[in-house]
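Here is what each chain is made of, one letter per residue.
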Amino acid sequence: MGLVRRATAEDAVEVLRLRQVMIDSMAPPGAGGPTDWHTESLPVLRRRLDGADREFAAFVVDHPERPDALAALVVGTVDYRIGRPGNPRGAVGHVFSVATDPDCRRRGYARACMEALVEWFREAGAGYVHLTASAEAEPLYASMGFRRRPDPLMQLNL
């Protein structure tokens, strides 16, 4: 699918809109999340999307019916860990913010964006890729070769 392109700083507002679509889709019905964080996030995101960041990438599909809008988005980072068997260079890909505009779903846009991101991870030397999947998205990721792991993830909020 030739519709996928790398997102640029000019896409930042739409990237945040689609990230909010993803966040809201995980909230209880009728409980849309706050958007006040967009103002603080926007300048940081623009800097990350300016093309100079080698560890951050977003791939998008332009909305076919609405100029200046995005239909789909995937974002990922490459992080470094000390090497190990199976990943001696220590590069690890992380996928987040996979979102499709509600009126553009079931057209293959998220898959096309994911394929572009996975290729970017390969080119960056990532030994493997992690993501967290919603129940609705798990079949897509499974069809691309992703498998559930039993890792006991823990988190500390700072």
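See the structure printed just above.
Thresholds applied
Residues numbered from 1 in each chain as written. Predicted model: local features only at pLDDT ≥ 70, side-chain atom pairs only at ≥ 80, totals over all residues. Heavy atoms only, no water. Core = buried A, V, L, I, M, F, W, Y, C linked by side-chain atoms within 4.5 Å. Buried < 20%, exposed > 50% of the residue type's maximum accessible area, 1.4 Å probe, protein only. Helix = DSSP H or I, 4+ residues; strand = E, 2+ residues; numbered from the N terminus. Pairing = 2+ DSSP bridges. Salt bridge = Lys/Arg side-chain N within 4 Å of Asp/Glu carboxyl O. Phe/Tyr/Trp six-rings, centres within 6.5 Å; stacked < 30°, edge-to-face > 60°. Contact = heavy atoms within 4.5 Å.

**Let's talk about the nonpolar core**
Inference 1: Val74, Val98, Met114, Leu117, Trp120, Phe121 and Tyr141 are the most contacted members of the largest nonpolar core, which has 25 residues in total.
Inference 2: Elements represented by at least two residues in this core include exactly strand E2 (56-62), strand E3 (70-80), strand E4 (91-100), helix H3 (109-123) and helix H4 (138-143).
Inference 3: In terms of residue count, the dominant contributor to this core is H3 (eight residues).
Inference 4: Among the nonpolar cores identified, the runner-up in size contains 17 residues, and Ala12, Leu45, Val75 and Ala99 belong to it.

**A closer look at the pairing of E2**
Inference 1: The buried fraction of E2 amounts to six of the seven residues, a majority that puts the element mostly inside the structure.
Inference 2: Where E2 lies against E3, seven bridges are found, and the strand directions are antiparallel. Along E3, the bridge assignment pairs Val60 with Leu73.

**Points about the pattern of salt bridges**
Inference 1: For the structure on display, the rule yields 10 salt bridges.
Inference 2: Among the ionic pairs, Arg17 bridges to Asp101, the shortest N-O distance being 2.7 Å. Note that Arg17 is positioned in helix H1 (residues 12-26) and Asp101 in the loop between E4 and H3, a separation of 84 residues in sequence.
Inference 3: Judged by relative accessible area, which is 5%, Asp101 ranks as buried.
Inference 4: The partner of Glu138 in a salt bridge is Arg148, with the nearest N and O atoms 2.8 Å apart. Taken together, the residues Glu138 in helix H4 and Arg148 in the segment after H4 connect sequence positions 10 residues apart.
Inference 5: Here Glu138 falls in the partly exposed class, since its relative accessible area comes to 29%.
Inference 6: For Arg148, a relative accessible area of 59% translates into the label exposed.

**Quick notes on the packing of aromatic side chains**
Inference 1: Throughout the structure, instances matching the rule amount to two aromatic pairs.
Inference 2: Relative to Phe121, the ring of Trp120 lies with its centre 5.4 Å away and its plane at 50°, an arrangement referred to as tilted. Here Trp120 matches Phe121 in class, with each residue buried.
Inference 3: Pairing Tyr141 with Phe146 gives two aromatic rings, centres 5.9 Å apart and planes at 70°, and the pair type is edge-to-face.

**Quick notes on the environment of Trp37**
Inference 1: With respect to the helices and strands, the residue Trp37 is situated in helix H2 (residues 37-48).
Inference 2: Sequence separation between Trp37 and Leu16 is 21 residues; the distance between their C-alpha atoms is 9.7 Å.
Inference 3: Excluding residues within four positions of it along the chain, Trp37 makes contact with Leu16, Arg19, Gln20 and Ile23.

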